[in-house]
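Read off the chains here:
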Amino acid sequence: MYVLIGGAGLVGVSLAQKLVELGHTVAVIDIDPNACRYAREQVGAMAFEGSAVSTEVLLEAGIRKADSLVAALRNDALNLAMVTLSKHYGVPHILARMRHSDFAQPFRLAGANHIIGTVELAVSTMVNAIEYPQVESMMHFDQGQIEVLKLSIPNNCYVVGRTIAEIAQDSRFPTGSLIIGYQPHPHEDLMIPNGSTVLEPGSTVLIVTKPGTLHQVIDFIEGCK
């Protein structure tokens, strides 16, 4: 896959490095010659010096053959311009980094397939870490309308020794929530459970739920016998 990244700052370079490690062909565009040199020599990506909202530079970087494009420039207005140009040149998959939520709708109208609100994401992650310290990790989907949390099963909690089917049928388990992953022990791989899977003490579950039911899910899973 050919991925074009606008901006060789911390986010752009870190993303480029991960994509290169995954075997993708990556090119970055930045006005800073030192940033471009670093991307070439230390990351292994192609780098084009110049403005990522210049049609001449974009064409030189091969925007017409890009499978995905990431607008990770220093401000939302520049990222919006890059998204617009990317849509014009037919890039099938466009991602935009967003600093201010006021740009969400303009990004969508311009053709961005994915919008990553960096400030909102960081704040939300910190709030969740403060409110739910027992949750190992939490992911957000569909603009925060769906939450997926990773939660350990305490030794003396109510769900130990019960099957997934029994838990799903319990009236105290929030409606619309679902256990989608199960890890019996830390050294074992995560598996997709079925109705007969029995939760063991010290195991870990992945649960999908709505934001409004997070407290209910956690209280149910951690409830003592």
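Bear in mind the structure is a predicted one, so any value in this text is a computation, not a measurement.

Enquirer: When you look at the overall build of the protein in this model, what are you seeing that I'm missing?
Expert: A count of helices and strands for the protein gives 8 helices and 10 strands. Computed over C-alpha atoms, the radius of gyration of the protein comes to 22 Å, more than 25% over the 17 Å expected from 2.2 N^0.38 for 225 residues, which places it beyond the range of a compact globule. Seen along its three principal axes, the alpha-carbon backbone of the protein occupies a region of about 65 × 35 × 30 Å. Sorting the 225 residues of the protein into buried and exposed places 44% on the buried side. In the protein, of all internal contacts separated by at least 6 residues, the share reaching a separation of at least 24 is 53%. For the protein, the computed accessible surface area is about 12000 Å², with 56% contributed by carbon and sulfur atoms.

Enquirer: I would appreciate a short explanation of the packing of aromatic side chains in the present structure.
Expert: Each aromatic ring pair is specified by the distance between its two centres and by the angle formed by the two planes. Enumeration according to the criterion identifies 2 aromatic pairs in this entry. Between phenylalanine 103 and phenylalanine 107, the aromatic rings sit 6.1 Å apart at their centres with planes inclined by 45 degrees, giving tilted as the arrangement. Looking at phenylalanine 103, the relative accessible area reads 23%, which means it is partly exposed. Under the relative-accessibility criterion, phenylalanine 107 is labelled buried at 0%. Ring centres of phenylalanine 173 and phenylalanine 220 lie 5.4 Å apart, and the angle between their planes is 55 degrees; on these two criteria the pair is classed as tilted. Pair noted here: phenylalanine 173 is in the loop between α7 (164–169) and β9 (178–183) and phenylalanine 220 is in helix α8 (residues 214–222), with a separation of 47 residues, a long-range link. As far as the burial class goes, phenylalanine 173 and phenylalanine 220 line up, both buried. Positioned above the aromatic ring of tyrosine 2 is the side chain of lysine 65, whose terminal nitrogen or guanidinium carbon lies 5.0 Å from the ring centre.

Enquirer: Sorry if this is basic, but what is going on with the UniProt feature "domain: RCK N-terminal" (unreviewed entry) in the protein here?
Expert: What UniProt calls "domain: RCK N-terminal" (unreviewed entry) maps, in this numbering, to residues 1–116. End C-alpha to end C-alpha, residues 1–116 measures 21 Å, and it is 42% helix and 24% strand.

Definitions and limits used
Residues numbered from 1 in each chain as written. Predicted model: local features only at pLDDT ≥ 70, side-chain atom pairs only at ≥ 80, totals over all residues. Heavy atoms only, no water. Helix = DSSP H or I, 4+ residues; strand = E, 2+ residues; numbered from the N terminus. Rg over C-alpha atoms; globule rule 2.2 N^0.38 Å. Buried < 20%, exposed > 50% of the residue type's maximum accessible area, 1.4 Å probe, protein only. Contact = heavy atoms within 4.5 Å. Areas by Shrake-Rupley, 256 points an atom, 1.4 Å probe, with all protein chains shown as cover. Phe/Tyr/Trp six-rings, centres within 6.5 Å; stacked < 30°, edge-to-face > 60°. Lys NZ or Arg CZ within 6 Å of the ring centre and 35° of its normal. UniProt positions renumbered as here; feature names shortened; annotations may be inferred.

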